[in-house]
Amino acid sequence: MPDIHDLQVFSDGDALAAHAAALFAQAARETIAARGRFTVALTGGSSPKGTYERLARPPLAGGIDWASVFIFLGDERFVPPDDERSNYGMCRSLLLDHVPLAPDQVLPIPTNTATPGEAALAYAKTLARVFAQPPDGPPPALDLILLGLGDDGHCASLFPGMPTLHINDRWVVSSPPGTLPPPVDRVTFTFPLLNAARQVVFLVTGAKKAAPVRDIFEGVAGVDQHPAAGVHPTNGALTWLLDEAAASGLKNR
Ligand code: 6PG
């Protein structure tokens, strides 16, 4: 169960997005200063859109050394990049197309393989290459992973009750659709890869998230019911950014 100290509540989605974008920019600056590059996994869904839009424009865009940033996706719908359901497509249109990133710095999950399983294997190899780690060893530590929370408590494409929640020996796997739209196959980071990150930040807005947020913070929902409860970076920081609507079910704040 996440600690209540991991939580910050904002008046609305705009205030949350402003904070999240500033957090991203600061993490990028500090990490590049300390280690020379910044590796980040973006999330899909609607909650991060305001954050991406802010990162794409002044003043934040100009304060980031984009040449040292490497962009991954924490999960993807198995559709072409120009499909309106593509997480990469959304990230491109709001952020990636507007900042100076070279092609080799943007690492989307492939969706042109024959199956989502092959895409997952290929993406694990991409991670292994960029982090210079063997693909069958411990997962790499991304500097920042952004996540959303589904109305059913899922995160990335780790859905309630699915076997993917208990995969501990792979970094990236395929997943059949969950119960929420869109009903397409997915490719997703696993818990070992999520929990290896230096920092994980949840972006959560809207009243539909109030019940899963309450259940996760009160510890009444386990990983099988609300997968986001399984995100606890082993050596990293965990931050939940909520708007008032998403936080409305919490008793203690
Ligand atoms: C996806 C996601 C998913 C998303 C949540 C929350 O591909 O849909 O990456 O995990 O973050 O479903 O989505 P919203 O922000 O739209 O509520």
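Below is a short write-up of the structure. Here the structure is a predicted model, which means the values were calculated and not measured.

**Quick look at the overall build of the protein**
Scanning the protein from N- to C-terminus turns up seven helices and ten strands. Its C-alpha atoms give the protein a radius of gyration of 17 Å, within 12% of the compact-globule value 18 Å for 253 residues. Split into buried and exposed, the 253 residues of the protein put 57% on the buried side. The contacts of the protein with a sequence gap of at least 6 include a subset with a gap of at least 24, amounting to 76%. For the protein, the exposed area adds up to about 10,600 Å²; of that, 52% sits on carbon and sulfur atoms. Of the side chains in the protein, 19 bear a positive and 26 a negative charge, and the two mean positions are spaced by 2 Å.

**Notes on the site of the ligand**
Looking at the ligand, there are 16 residues lining it, with Ser47, Asp75, Arg77, Ala156 and Lys209 nearest. A distance of 2.6 Å separates an oxygen atom of the ligand from a polar backbone atom of Ala156. The fraction of the free accessible surface of the ligand (420 Å²) that becomes covered by protein chains is 89%. Per-class residue counts for the shell around the ligand are three nonpolar, nine polar and four charged.

**Description of helix H4 (residues 116-131)**
In a regular helix each residue adds 1.5 Å, so 16 residues correspond to 22 Å; H4 covers 22 Å between its end C-alpha atoms and thus fits that length. Looking at H4, one finds that the buried residues are Pro116, Ala119, Ala120, Tyr123, Ala124, Thr126, Leu127, Ala128, Val130 and Phe131. Of the surrounding secondary structure, the elements contacted by the buried residues of H4 are strand S2 (38-42), strand S3 (69-73), strand S5 (106-107), strand S7 (172-175), strand S8 (186-189) and helix H5 (191-194). Downstream of H4 by one or two residues, Ala132 has phi in the positive range, about 50 degrees.

**Some remarks on the pattern of salt bridges**
Applying the stated rule across the entire model yields nine salt bridges. Ionic pairing is found between Asp169 and Arg170, a salt bridge with its closest N-O pair at 4.0 Å. Residue Asp215 is joined to Arg214 by a salt bridge in which the shortest nitrogen-to-oxygen separation is 3.0 Å. Residue Arg214 is classed as partly exposed on the basis of its relative accessible area, which comes to 32%. What emerges from the salt-bridge pattern is a single network uniting Arg35, Asp143 and Arg198.

**Remarks on the nonpolar core**
Soluble globular proteins tend to pack their nonpolar side chains together in the buried interior. Counting residues in hydrophobic clusters, the biggest one holds 83 residues, and the most contacted among them are Leu42, Phe72, Phe189 and Trp240. Considering every element that reaches this core, the biggest residue donor is helix H1 (residues 13-35), with nine residues. Ignoring sequence-local partners within four residues, the contact set of Phe72 consists of Thr39, Val40, Ala41, Leu42, Leu107, Tyr123, Leu127, Val130, Phe131, Leu142 and Phe189.

**Quick notes on the pairing of strand S9 (residues 199-204)**
Most of S9 sits inside the fold, with six of its six residues counted as buried. Across the two faces of S9 the burial is the same, with Gln199, Val201 and Leu203 and Val200, Phe202 and Val204 all buried. In terms of strand pairing, strand S6 (residues 144-147) meets S9 through three bridges, oriented parallel. In the strand pairing of S9, Leu146 is matched with Val201. Here S9 runs beside strand S10 (residues 237-243); their pairing, made up of six bridges, is parallel. From the neighbouring strand, Val201 faces S10, where its bridge partner is Thr239. Where the polypeptide runs from S9 across helix H6 (residues 210-217) and back to S10, its parallel neighbour, the crossover connection is right-handed.

**So, the sheet that holds S7**
Judged by pairing direction, the sheet is antiparallel, and its three strands sit side by side in the order S4-S8-S7 without closing on themselves. In the strand order of this sheet, the two ends are held by strand S4 (75-77) and S7, each with one partner. Strand-to-strand twist in this sheet, taken as the mean axis angle between neighbours without regard to direction, amounts to 20 degrees. For S7 and S8, the ladder comprises four bridges, and the chain directions are antiparallel. Residue pairing for S8: Ser174 is matched across the bridge by Val187. Along the sheet, H4 makes contact with S7 and S8, crossing S7 at roughly 160 degrees.

**Section: the side chain of Thr39**
Summarising the element assignment, Thr39 is placed in strand S2. With sequence-adjacent residues up to four places away left out, Thr39 is seen in contact with Phe70, Phe72, Phe131, Ala141, Leu142, Asp143 and Leu144.

The rules behind each value
- Residues numbered from 1 in each chain as written.
- Predicted model: local features only at pLDDT ≥ 70, side-chain atom pairs only at ≥ 80, totals over all residues.
- Heavy atoms only, no water.
- Helix = DSSP H or I, 4+ residues; strand = E, 2+ residues; numbered from the N terminus.
- Rg over C-alpha atoms; globule rule 2.2 N^0.38 Å.
- Buried < 20%, exposed > 50% of the residue type's maximum accessible area, 1.4 Å probe, protein only.
- Contact = heavy atoms within 4.5 Å.
- Areas by Shrake-Rupley, 256 points an atom, 1.4 Å probe, with all protein chains shown as cover.
- Lys, Arg positive; Asp, Glu negative; His and termini not counted.
- Charge placed at Lys NZ, Arg CZ, Asp CG, Glu CD.
- Near = heavy atom within 4 Å.
- Polar contact = N/O pair within 3.5 Å; in protein donor to acceptor, adjacent residues only side chain to side chain.
- Nonpolar A, V, L, I, M, F, W, Y, C, P; charged D, E, K, R; others polar.
- Expected span 1.5 Å × (residues − 1).
- Salt bridge = Lys/Arg side-chain N within 4 Å of Asp/Glu carboxyl O.
- Core = buried A, V, L, I, M, F, W, Y, C linked by side-chain atoms within 4.5 Å.
- Pairing = 2+ DSSP bridges.
- Right-handed = clockwise from strand over helix to strand, strands pointing away.
- Axes fitted to C-alpha atoms, helices over the stretch in contact; angles between N-to-C directions.

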